[in-house]
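Chains, contacts and geometry: an overview
Now for the letters of each chain:
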Amino acid sequence: MVRENLCEVESKIEAACGRSGRERNTVKLIAVSKTKPVSMLREAYDAGCRDFGENKVQELVDKYGQLPEDIRWHMIGHLQRNKVKYIVDKVYLIHSVDSLRLAEEISREALKKGVTVSVLVEVNVSGEESKFGVSASEAVSLVEEIAKLPNIIVKGLMTIAPYVDDPEKNRLYFANLKQIYVDIIQKNIDNVCMEELSMGMTGDYEVAIEEGATYIRVGTGIFGERQYTTV
Ligand SMILES: *Cc1c(COP(=O)(O)O)cnc(C)c1O
């Protein structure tokens, strides 16, 4: 099932690239595997996936230990400062940096372990109260502050758009994120290398690609619906 789903996602990515005049290799697919068993990640791996996204530290660390080393692990969920130490040397990219205090902790732990950690700044472009992320106006100054810290590098921006039935409703939010990204590039901040726009999930990744996403994060569209069990 995973392989078939991946084929379908792949053809939609290609179509969206075609519509927007983009090369297929400018869009990277992250298989969001939260709550899913290692066996399913292995299926995706065997079908060619090398980028996986998790939103919980413990789950990421567990899966990291059970799967091949050439996987690029993406931390896409809200990150607590006291858990940073468990993942700085395991993640390829942290998508969810939304405060200077979190960035400082990442910098400190990265320095201790002798690694440099790539991060994205999470922006709440829709202004929904339930969402993490800084406002559009705070994003620029947060990027400037993080740029001064050692062993951490800002690679771009991330957003989680509202859950909607019509993906067109999110087009404006994706375009907004792209605009903030362009504004930051024009500031030419030292130690900031704006390359990535992480936006678009199962319901709206095609629109996100049309608006410039370089990373799309697809869970349900690859692994099927998630079942959350209450403990
Ligand atoms: C769960 C999650 C996704 C994937 O959601 P789907 O709708 O299942 O594709 C993407 N991004 C983040 C931050 C998530 O938490």
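Right above here is the structure, for reference.
Just so we're clear, the structure is a prediction, and the values are computed from it rather than from any experiment.

Mapped onto the fold, Gly-77 is located in the loop between β3 (72-75) and α4 (84-87). With a relative accessible area of 7%, Gly-77 lands in the buried category. Each C-alpha atom, one on Gly-77 and one on Gln-186, is 28 Å from the other, the two residues being 109 residues apart in sequence. With near-sequence residues (within four places) excluded, Gly-77 lies in contact with Glu-54, Asn-55 and Ser-96.

Considered as a void within the structure, the largest pocket measures approximately 700 Å³ in volume. Every residue lining the largest pocket is counted, 27 residues in all, and those nearest its centre are Lys-34, Ile-160, Tyr-163, Met-201 and Arg-226. Class assignment for the residues of the lining of the largest pocket results in 11 nonpolar, nine polar and seven charged. One number sums up the size of the second largest pocket: a volume of about 300 Å³. Glu-10, Arg-24, Leu-29, Gly-48 and Cys-49 are the residues nearest the centre of the second largest pocket, which is lined by 15 residues in total. Within the residue set of the lining of the second largest pocket, elements represented by two or more residues are α1 (2-19) and β1 (28-32). Residues belonging to the lining of the second largest pocket are distributed by class as follows: six nonpolar, two polar and seven charged.

Here we take up the site of the ligand. In the vicinity of the ligand, the contacting residues are Val-32, Lys-34, Ile-76, Ile-160, Met-201, Thr-202, Arg-217, Val-218, Gly-219, Thr-220 and Arg-226. A distance of 2.8 Å separates a nitrogen atom of the ligand from a polar side-chain atom of Arg-217. Protein burial of the ligand: of its 390 Å² of free accessible surface, 90% is covered by the chains. Of the pockets mapped on this structure, the ligand occupies the largest pocket. Split into classes, the residues belonging to the shell around the ligand amount to five nonpolar, three polar and three charged.

What follows deals with the packing of aromatic side chains. All told, the structure shown has one aromatic pair when counted by the stated rule. Aromatic pair Phe-52 and Trp-73: ring centres 5.8 Å apart, planes at 35 degrees, arrangement tilted. One end of the pair, Phe-52, is in strand β2 (residues 51-54); the other, Trp-73, is in strand β3, and 21 residues separate them in sequence. Of the two residues, Phe-52 and Trp-73, both sit in the buried class. Here Lys-90 stacks its cationic end above the ring of Tyr-64, 5.6 Å away from the centre of that ring.

The rules we used
Residues numbered from 1 in each chain as written. Predicted model: local features only at pLDDT ≥ 70, side-chain atom pairs only at ≥ 80, totals over all residues. Heavy atoms only, no water. Helix = DSSP H or I, 4+ residues; strand = E, 2+ residues; numbered from the N terminus. Buried < 20%, exposed > 50% of the residue type's maximum accessible area, 1.4 Å probe, protein only. Contact = heavy atoms within 4.5 Å. 1 Å grid on protein atoms, 1.4 Å probe; cavity = no way out; pocket = protein on both sides within 12 Å on 5 of 7 lines; lining within 4 Å. Points joined across faces, edges and corners; volume = space filled by probe spheres on them. Nonpolar A, V, L, I, M, F, W, Y, C, P; charged D, E, K, R; others polar. Near = heavy atom within 4 Å. Polar contact = N/O pair within 3.5 Å; in protein donor to acceptor, adjacent residues only side chain to side chain. Areas by Shrake-Rupley, 256 points an atom, 1.4 Å probe, with all protein chains shown as cover. Sits in = over half its atoms within 2 Å of the grid points. Phe/Tyr/Trp six-rings, centres within 6.5 Å; stacked < 30°, edge-to-face > 60°. Lys NZ or Arg CZ within 6 Å of the ring centre and 35° of its normal.

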